[in-house]
Structures are given as structure tokens and as C-alpha cells.
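If you want the building blocks of each chain, they are given just below.
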Amino acid sequence: MTTLDTALDELYGVAPDDFILVRSRLERDLKAAGDADGAATVKRRRRPHLAAWACNQLARQDADGVAELFEVTAQVAAAQQAALEGGSADDLREATRERQEVLDALDASLPGLIK
């Protein structure tokens, strides 16, 4: 039996070209299961833009990498604030370099997402 949560998880896991077809099937499945509200919710969902879809896939496949990106980005923000207050520009350069390394690692996994 398809539940709304599993339906939405499946829907946002498919390639953009398959979104409409899968959305229609999931809507039918939810209706058949007696979940008219869930079916209506699925029907209202729109295909995400490619950039949003790619970010979603990246977060699904490498949640730790995305969490690390948020962490190093916060470090860059702190280093920027410190530099503005007279702190070391070297700390800002180092934090920026670390963030770029994380971005490069995440970027390397994108070709496998977009076929």
C-alpha cells in the first residue's frame, strides 16, 4: 500500500523526465488505497527545476557531504566576520579553501546524478 510519505519520497527521487508519469501513477495508487486527500496532494506537486532536483538528489545520495558543506560555509561566514573586525585574512583564506574542497567533492558526484 502506498502512503503519502512514501509516494512523495518516490516522486522526488525520479528523474525529471519521469516526474509526470510517476506522479500520475502515484495519484492513482493513493486513490485506489482510499486516500483521496493524499492523491490530491500528489496531483498538486510540480516538477522541480533541474537545479532543485540536482540538489535534492545530492542530499539523498550524500547527506554527510551536504552537512559538511553547511558546516564549512558557517566557518567561512565566521572567518569573514572576524576579518572584518581586524582578524587574520589567512583564516578566511583557509576556510574558503576548505569549503572549495567540499564543493569540489560534491561536484564530482554530480555527473552520476544527471544522465
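Check the entry above for the structure.
Residues numbered from 1 in each chain as written. Predicted model: local features only at pLDDT ≥ 70, side-chain atom pairs only at ≥ 80, totals over all residues. Heavy atoms only, no water.

S.K.: Describe the environment of arginine 25, listing the residues and the values that go with them.
M.R.: Position of arginine 25 among the secondary structure elements: in helix α2 (residues 19-32). Arginine 25 sits in the partly exposed class, given a relative accessible area of 29%. Between the C-alpha atom of arginine 25 and that of aspartate 91, which follows or precedes it by 66 residues, the distance is 52 Å. (Helix = DSSP H or I, 4+ residues; strand = E, 2+ residues; numbered from the N terminus. Buried < 20%, exposed > 50% of the residue type's maximum accessible area, 1.4 Å probe, protein only.)

S.K.: So what's going on with the nonpolar core? Which residues, and what values?
M.R.: One finds Ala7, Leu8, Leu11, Tyr12, Val14, Phe19, Val22, Leu26, Leu30, Ala39 and Val42 forming the largest nonpolar core, which totals 11 residues. Taken together, the elements giving at least two residues each to this core come down to α1 (4-11), α2 and α3 (36-44). Of the residues forming this core, the biggest block, 4 residues, is contributed by α2. The contact partners of leucine 8, leaving out residues within four places of it in the chain, are Val42 and Arg45. (Core = buried A, V, L, I, M, F, W, Y, C linked by side-chain atoms within 4.5 Å. Contact = heavy atoms within 4.5 Å.)

S.K.: Would you mind going over α3 in detail, with residue names and values included?
M.R.: Residue pairs spaced three or four apart in an α-helix point in one direction, given the helix's 3.6 residues per turn. Buried within α3 we find Gly38, Ala39, Thr41 and Val42. Considered in projection along α3, the buried side chains sweep an arc of 160° and stay on one side of the axis. Facing away from the buried side of α3 by over 90 degrees, the exposed positions are Ala36, Asp37 and Arg44. (Arc of directions from axis to C-beta.)

S.K.: How would you explain the packing of α2 against α3 if you had to name every residue and give the values?
M.R.: Taken N-terminus to C-terminus, the directions of α2 and α3 make an angle of 170°; their axes are 8 Å apart at the nearest point. Accordingly, the angle class assigned to the pair α2 and α3 is roughly antiparallel. Touching Arg23, Leu26, Glu27, Leu30 and Lys31 of α2 are Gly38, Ala39, Val42 and Lys43, all from α3. Residue composition of the contact of α2 with α3, grouped by class: 4 nonpolar, 1 polar and 4 charged. (Axes fitted to C-alpha atoms, helices over the stretch in contact; angles between N-to-C directions. Parallel < 35°, antiparallel > 145°, perpendicular 65-115°, else oblique. Nonpolar A, V, L, I, M, F, W, Y, C, P; charged D, E, K, R; others polar.)

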